[in-house]
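Chain by chain, the residues run as shown.
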Amino acid sequence: MCTLAAAPMPTEKMVGLPFVRSYSLNEIGASRGARLSFDHLGRIGVLSGSSYAVLNDNTWLQVAAEHPNVSSPHLLDLVWQEGNRSYYGTLGGWGRAELQPDGHLTFHSLRPDAFPYWVRSTNFKQVLVLEQGVLFAGYNGIVYEDETTGRRDFIELPELTRVFQLGSAIYVSTFADGLLRLDLDAGSTEVVASGLVVDEVARVSPETMLFSTTGDTLMRLDAAGISLWHSPLGTRTKGSVSCLAPLPEGGVAMAVDGEGVFVFSPEGNLLCSLTTAEYQRVFDIAANEEGVLWLTTEVSVQKVLYRTGISVIDQRSGVIVEWPQVIQWRGNTVIASHGRLYDLTLADDGLSYRFEQVAHAPTGGAWGVDGSGEQMLVGNATGVYARMENGFQQVLGDLDASRLVMTEDGLCYVIGMAELAILRWNGSQWTECAPRVPGVGFPWVVHSVGHSAWIELGLNLAARISYRDGQLRSEVFDLDDWGEPTWVNLGSIGDTVVLSGPDNERRYYDEATERFIDAPELDRKLSEAPYPIKRIAQDAEGYWWGAHENGILVREGMDLGHWESPFAGRFPDRYPVLHLVGDDQIWVSTESSFYRLDREMPASHHLEVSPQLVSVTDGRTGDDLYSAGLADRLPEAVPYDRNHLVFRFFAGGYPTLQALSYRFHIRRGSTEWTMLSTDSLLALPNLWEGDYEVEAQLLDGGSPIGRPAVVAFRVEPPWFRQPVIYPIYGLLLLTAVGLFRAYVVRQASRKHAMLEKLVHERTEKLKETMARLTDEVRLSATLAERNRLAEEMHDSVQQGLTGLILQLDATLKLAELQPEVRSRLTMARKMVSFTREEVQQAIWDLESPFLEDADLAGALRTMAQMVTSGSPAVEVSTAGRAIVLEPSKQHHLLRIAQEAITNAMRHSHTDRIDVSLVYEPERVVLEVRDYGTGFSTDEALAEGPGHFGLRGMRARVAKIDGRLNFVSRRGQGTTVRIELPIAPSQERRAQFTDDYSQDQNPARR
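Calculation rules
The numbering scheme is per chain: residues are counted from 1 as the chain's sequence reads. Since the coordinates come from a predicted model, pLDDT governs what is reported: local features require at least 70, and pairs of side-chain atoms require 80 or more to be given and counted, while whole-chain, interface and lining totals use all residues. Processing note: side-chain calculations cover all non-hydrogen atoms of the structure and skip hydrogens and water entirely. Whenever Lys or Arg places a side-chain nitrogen within 4 Å of a carboxyl oxygen from Asp or Glu, that contact is recorded as a salt bridge. The buried label applies to any residue whose accessible area, calculated with a 1.4 Å probe on protein chains only, is under 20% of its type's maximum; exposed applies above 50%, and partly exposed to all values in between. The pairing criterion for strands is at least two bridges between them, as found by DSSP. Helix numbers and strand numbers start at the N terminus; a helix is a DSSP run of H or I with at least 4 residues, a strand a run of E with at least 2. All axes are obtained by fitting lines to C-alpha atoms, using only the stretch in contact for helices, and the reported angles, taken between N-to-C directions, cover 0 to 180 degrees. Within 6.5 Å between ring centres, the rings of Phe, Tyr and Trp (the latter by its six-membered ring) count as paired, and their orientation is classed by plane angle as stacked under 30 degrees, edge-to-face over 60, tilted in between. Counting as a charge over the ring demands two things of the Lys NZ or Arg CZ atom: a distance within 6 Å of the ring centre and an angle within 35 degrees of the ring normal. We define a nonpolar core as any set of buried Ala, Val, Leu, Ile, Met, Phe, Trp, Tyr and Cys residues linked to one another through side-chain atoms lying within 4.5 Å. Note on definitions: a residue-residue contact is assigned when non-hydrogen atoms from the two residues lie within 4.5 Å. To estimate the expected span of a helix, count its residues, drop one, and scale the result by 1.5 Å. Polar contacts, as used here, are pairs of N or O atoms within 3.5 Å; protein pairs need one atom able to donate a hydrogen and one able to accept it. Residues neighboring in sequence count only if both atoms are side-chain atoms. Along the chain, pLDDT gives the predictor's confidence residue by residue, from 0 to 100. Starting at the helix axis, one direction is taken to each C-beta atom, and the arc is that of these directions.

S.K.: Which residues make up the pattern of salt bridges, and what are the values?
M.R.: When their charged atoms lie close together, side chains carrying opposite charge are able to pair. Throughout the structure, instances matching the rule amount to 42 salt bridges. A salt bridge links R151 to D153; the nearest nitrogen and oxygen atoms lie 2.6 Å apart. A relative accessible area of 29% places R151 in the partly exposed class. For D153, a relative accessible area of 19% gives the class buried. Members of the salt-bridge network, linked through shared partners, are R464, R468, R473, E475, E511 and E514.

S.K.: Break down the sheet that holds strand 12 (residues 141–146) for me, with residues and values.
M.R.: With antiparallel pairing, four strands are arranged side by side in an open sheet as 10-11-12-13. Taken across any chain shown, the strands that pair with only one partner, and hence form the sheet edges, are strand 10 (126–129) and strand 13 (152–156). In this sheet, neighbouring strand axes are inclined to one another by 15° on average, regardless of whether the strands run parallel or antiparallel. The pairing of strand 12 with strand 13 spans five bridges and is antiparallel. Counterpart to Y144 in the pairing with strand 13 is D153.

S.K.: Please set out the packing of aromatic side chains residue by residue, giving values where relevant.
M.R.: Evaluated as defined, the whole model comprises 31 aromatic pairs. With a centroid separation of 5.3 Å and 85° between ring planes, the pair formed by Y88 and F107 is classed as edge-to-face. With Y88 in strand 7 (residues 85–90) and F107 in strand 9 (residues 105–109), this pair connects stretches of sequence that are 19 residues apart. Each member of the pair, Y88 as well as F107, is classed as buried. Judged by centre distance (5.7 Å) and plane angle (35°), the ring pair of F649 and F664 falls under tilted. Of this pair, F649 sits in strand 60 (residues 645–650) while F664 sits in strand 61 (residues 661–668), and the two are 15 residues apart along the sequence. The rings of F647, F649, Y662, F664, Y692 and F713 are connected pair by pair, giving a single aromatic cluster. Just above the ring of Y23 sits the side chain of R21; from NZ or CZ to the centre is 4.2 Å. One Lys or Arg, R721, reaches over the ring of Y640 and ends 5.4 Å from the middle of that ring.

S.K.: Would you mind going over the nonpolar core in detail, with residue names and values included?
M.R.: Membership of the largest hydrophobic core comes to 62 residues, with the highest contact counts inside it found for W294, F647 and F713. In this structure F713 touches L634, P635, E636, V638, L645, F647, L687, G690, D691, Y692 and V694, once residues within four positions along its chain are discounted. L856, M863, I960 and I978 belong to the second largest nonpolar core, which has 34 residues in total.

S.K.: A description of helix 6 (residues 887–907) should follow, citing residues and the corresponding values.
M.R.: Compared with the 30 Å implied by 1.5 Å per residue over 21 residues, the 30 Å span of helix 6 between its first and last C-alpha is a close match. The buried count for helix 6 comes to 17 of 21 residues, which makes it a mostly enclosed element.

S.K.: How would you sum up unusual backbone geometry? Please name residues and give values.
M.R.: The backbone phi angle of E159 is positive, close to 60°, even though this residue is not glycine. Structurally, E159 can be placed in the loop between strand 13 and strand 14 (160–166).

S.K.: Account for the pairing of strand 36 (residues 383–387), with residues named and values stated.
M.R.: Summarising burial for strand 36: five of the five residues are buried, a large majority. Relative to strand 36, strand 35 (residues 375–380) runs antiparallel, the two being bridged by four bridges. Across the sheet, the residue bridging to G379 is V384, located in strand 36. In this antiparallel pair of consecutive strands, strand 35 and strand 36, the connection spans two residues. When strand 36 meets strand 37 (residues 392–397), the two strands line up antiparallel, connected through five bridges. Within strand 37, the position partnered with A386 by the bridge is Q393. Hairpin connection from strand 36 to strand 37: four residues lie between these consecutive antiparallel strands.

S.K.: How would you summarise the side chain of R506 if you had to cite specific residues and measurements?
M.R.: In this structure, R506 sits in strand 49 (residues 506–510). In this structure R506 comes out as buried when scored by relative accessible area, which is 7%. Within the structure, the side chain of R506 is placed 3.2 Å from the side chain of N504, a separation counted as a polar contact. Here S527 takes part through its side chain, which lies 2.8 Å from a polar atom of the side chain of R506. Leave out the neighbours within four places in its chain, and R506 touches W482, V498, L499, S500, D523, L526, S527 and I533.

S.K.: Lay out the sheet that holds strand 30 (residues 325–329) with the relevant residues and their values.
M.R.: The strand order across the open sheet built from four strands is 30-31-32-33, with neighbouring strands paired in antiparallel fashion. Each edge of the open sheet is held by one strand with a lone partner, namely strand 30 and strand 33 (353–357). The mean inter-strand angle of the sheet, taken between neighbouring strand axes irrespective of direction, is 30°. Of the strand pairs in this sheet, strand 32 (residues 340–346) and strand 33 are connected by five bridges, and their pairing is antiparallel. Considered in strand 33, the bridge of Y342 is made with Q357.

S.K.: Just give me the short version of the confidence of the model for the chain, but keep the residues and values in it.
M.R.: Any residue range with low pLDDT should be treated as having predicted coordinates unsuitable for detailed reading. On average, residues of the chain carry a pLDDT of 85, and 89% of them reach 70 or more. In this model residues 1–12 is a low-confidence stretch, pLDDT under 50, and it forms 48 contacts with partners more than four residues away in sequence or in other chains. In this model residues 986–1005 is a low-confidence stretch, pLDDT under 50, and it forms 30 contacts with partners more than four residues away in sequence or in other chains.

S.K.: Mind laying out the environment of K959, listing which residues take part and the relevant values?
M.R.: Relative to the helices and strands, K959 resides in helix 8 (residues 948–959). When the C-alpha atoms of K959 and H892 are compared, they prove to be 8.3 Å apart, with 67 residues separating the residues in sequence.

S.K.: So what's going on with the pairing of strand 14? Which residues, and what values?
M.R.: Most of strand 14 sits out of view: seven of its seven residues are buried. Here strand 14 folds back onto strand 15 (residues 169–174) in antiparallel fashion, the turn holding two residues, of which G167 has a positive phi close to 65°.

S.K.: How would you sum up helix 2 (residues 520–527)? Please name residues and give values.
M.R.: Listing the buried residues of helix 2 in full gives L522, K525 and L526. All buried residues of helix 2 fall inside an arc of 100° around its axis, so they share one side. Its buried side turned inward, helix 2 meets strand 47 (489–493), strand 48 (496–500), strand 49, strand 51 (535–538), strand 52 (544–548) and strand 53 (551–555).

Right, here's the structure in full:
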C-alpha cells in the first residue's frame, strides 16, 4: 500500500498508491541488482555489470556498453562530477571515466603497478568525491587519490561497511571498530562510537546525516552527536534497511527488506509507503528531483511520483475498478465498484489505509449507492437495501435500481431503466412517498443538485428528476441545437446547473426558478480556463473544481484568483468525473480508474523543467559537433559540408507520468517553421547558409510547460558562394561569353558548310531517284502494254489460226480430194501451223505466266512439267542463296531455258535433260544439258536460214547483258550455259522493281 500523508498532519493519510512508471530490466539491458546513478545532465543511469544506460526522455542510451575493441570494467559505482571528472569503482580496481564527443564513456584505470595485497580482493563499490581528491572504499579498506598533489594513500580497514562525509569530517564504519573518524593527512582513525556499525546513510541536510545500523536502528548524526531517529515506522522486526536516499526537498526515502519503501518529510512525517510484494526487495534508491523517486526492484527500474497530490486506487489496492462511486457513512468512506462494496479502514501498522470488502452485502451486488449521516442505501436489480449495523435490509423491491441520489432533506431518488421511484426517511424507516414514473434511459452518471437529481443520458441528452407537491417528475432535455451529436456533461455551482457540450458550448439551468437562464458572468469565468471545462463542482470552502478532458483545474471562486492546475502531470484517462464527498474529500473517476486528490499537498504545479541540448551530430558522417559536458555551447559557425544537423535534447527532468512531447520552432531570417515531435531528436537536413535559431519547447498534453531552450548557430556558405569568389565569377563569365561567341560563329560556319554539302548530296540522290523512278515507270508501262498485246493476240490471232488449222485438217480428211489439191492443202496447213507457232512464240515473249506467283527456280520447274510428257525426263536443280532479279531478266532466262529444252526434245533424241540454276555472289549461271546426238555449233550459229531458236537465245542473252556458251559434239550431247553478272545494288533494285510491278498488276495481287 501507499499512503500520502497531508503534512503537517501525520495522522491524516490519503488512500491508494502514487503514480508509478516502470521500465523493465530487459528493456534497459540490465540485470538483477542494478545500481542507480545520475549523469552530468541529471539523467537517471543504471549500472549493471560493464554497461551503463541513461534515460533520455523516452529512450535508454547505452553510454558504457561493451564494444568489440574497448574493454569496459565491471562497474560497482560511478560518480559524475563537473568538468568531465567522473570516477568509478570495480573489483580490485578504480579509475577515471571520461566523456567522449559521441556521448560514450571511456575508462582509465588509476591502479598502479604496485599495490598492497588486500586491494586485489576488494570490491570498491563506494566512491566519495572530496574537495581535493577522491576516496575509493571497499570491504578491505580505502584508496585515496589526491588530484592536487598526485598523492596516493592505501588505508587498510578490514570489514569496512560504509564511508561518508559530513561537513569537513570523514567517517568510516567497520565491523571490528564501529564508527571512526578518518584523518587523511595523518593517515589515522579515531573511534567515534565503538560497536556502532553503519549500514546505509543519507545526508538530509548539510550538517545532518541519517543512517541505519546493522541492528536495524535508525539514527541521526549532527553537531550535537548521535541520537535515535524516531519515525512512524517505530521498531522494525521483519527486515533490515537495504537503502537510504536523501530527497532534494529534504527528508529521506527508505527501503526495508520484507516490508517496502517509505518516504519521509524533513519533519519525519510519513509521506508515502509502498508495501505491496514487488517493493519488499529493493536494491537501490536515488532522487535528484523534487517529487520524483527512482528505485530498482527484482525486475524493473521504477519512477515514483510521490508528491503529485494524486493517489491511485486499483487492483493493487484490492479494488476492482468499474464506474466507482464513493460516499461517506457514519464518518467513514465507502466505495461501490464493479458491484462490490468496500470500507476504507486504517491498516494494523497505522501507516496506510486498506480496502476491505463489506461482508453480507446484498446478493444482487451494489450498483447504486448513496449515503448521508447515519443513512446508507444500496441499489441493485432486485431493489433497494438499507445498511444496518450487522447487515442489509431491503426497503424497496420490484425495481431495478441502477443509481441512487440522496438529497439533504431525507429524500432518495431511485433511478432505474424502466422506472423511477423516490424514498423518504421518516425517522425510523424508508418509505416510498410518490407514485413511480417511467424511466428516461440508463443513468450513466448522476449528480445531486439542490433537491433534484440530474442524469447524463448520452449524446445531446440530459435529464432532471424532481419531487414537488407529492409528485415525482422527470424531464428530458434534447440539446440538438449543438449541431454535431456530443455527450452532455453536467456540473453545478450553487443552484445553477451547468450543461457542457463541445468546446465552450454551455447551457445554464436555475434550480430555484426551474428554467434555463443566461449566466454571462459565470460563463466568462468558465471560459477563462486554459482548457474547456466539462464538469464543474463547488466544495464546502467555495473552491471551484473543474474537470477538463485530461485533468483537473481549481479556482478559489467567482471573484478570487484564477484557474490553476495544482496536480503535477495529466490524468492518463479522459473526461474524469468529480466526487466531492463530505467537507474535504475529492475523488476523481472514469469508467476504469479511480483517484483521490490531496488538496493539502499538491505537487509543484509550475513545472520548471527546461530542455537541455545534449548533442549535435553531423547526420551524414555521424561526427559530433557538440556534446554537453565537453563544450559550453555549439560552435557559432557550422561548415556548409556539415549542414545536415541532428539535435538531441533532454527534458531536464522526469516530473510527469505521461511522456512529454516537443515543439521545435526554427527561424532563419524572415522564414519560420514549426515541428511537433514525441521524440527528443530533431533532424534538420540540407540547411541553406545563414543564421538559424532553434527553440525547443516542452509540451504536456499539448500545453507548453517550463522555459524553452534556444540554440543559435550559423551555417557558413560553401566555398563557391563565398563573397571573395564573386569577382572571379565575373571574370569567368566574361571569358565564357567571349568563348561562347567564338564557338557560336565557328559552329555557324561549320553548319553552313555541312548544309551546302548536304544540299548537294540530296540533289544528287534526288536525281538518281528520279532516274530510277523514270526507268521503273517506263518498265511498268512496257510490262503493262506487253500484257495487253499478249492477251489481244492470244484471243484473236492465235485463236483464228487454230481455227484455220482445224478447218484444214477437216478438209484433208475428205476422200474426193485430188492429189494435187491435197498436196497444196497440206502445204498450206504447214504454213498456218508455222505461223501459229511464231505467234505463240511472240506471245511467250510478251508474257511469262510462270513468273506470276513463283520465283525463277519455281517457274523453271513449272515450265519443265508443261513442255514434257514424261520422256525425256527433265530435272531442275538450284544452288546458292536466291537473288530476286529484275522481271525482264527473269523473263529472258526462262525463255532461253524453254527454247533450249524444246530444241533438246525435238532434235537430240535424249532420254534426260538437266537444268541447273546457280546463284553466286557476282553472277547467276543457268545451264541446260542433254545427253543426245549433239550438233555442230559452228553450223548452227552460222548466218543462213533456219536455227532461229539458237539465234533467238543469243539475242535474248544480249538484251540482259549476259554471256551465252554452247558446248556440243555429235553423239555427246549439248550444254547451253548462260552467265548473268549481278551489280552490288542490282538485288535491291530488282526487288523494288518486282514489288512495284506486283502493285501495278492487279492480277498478281
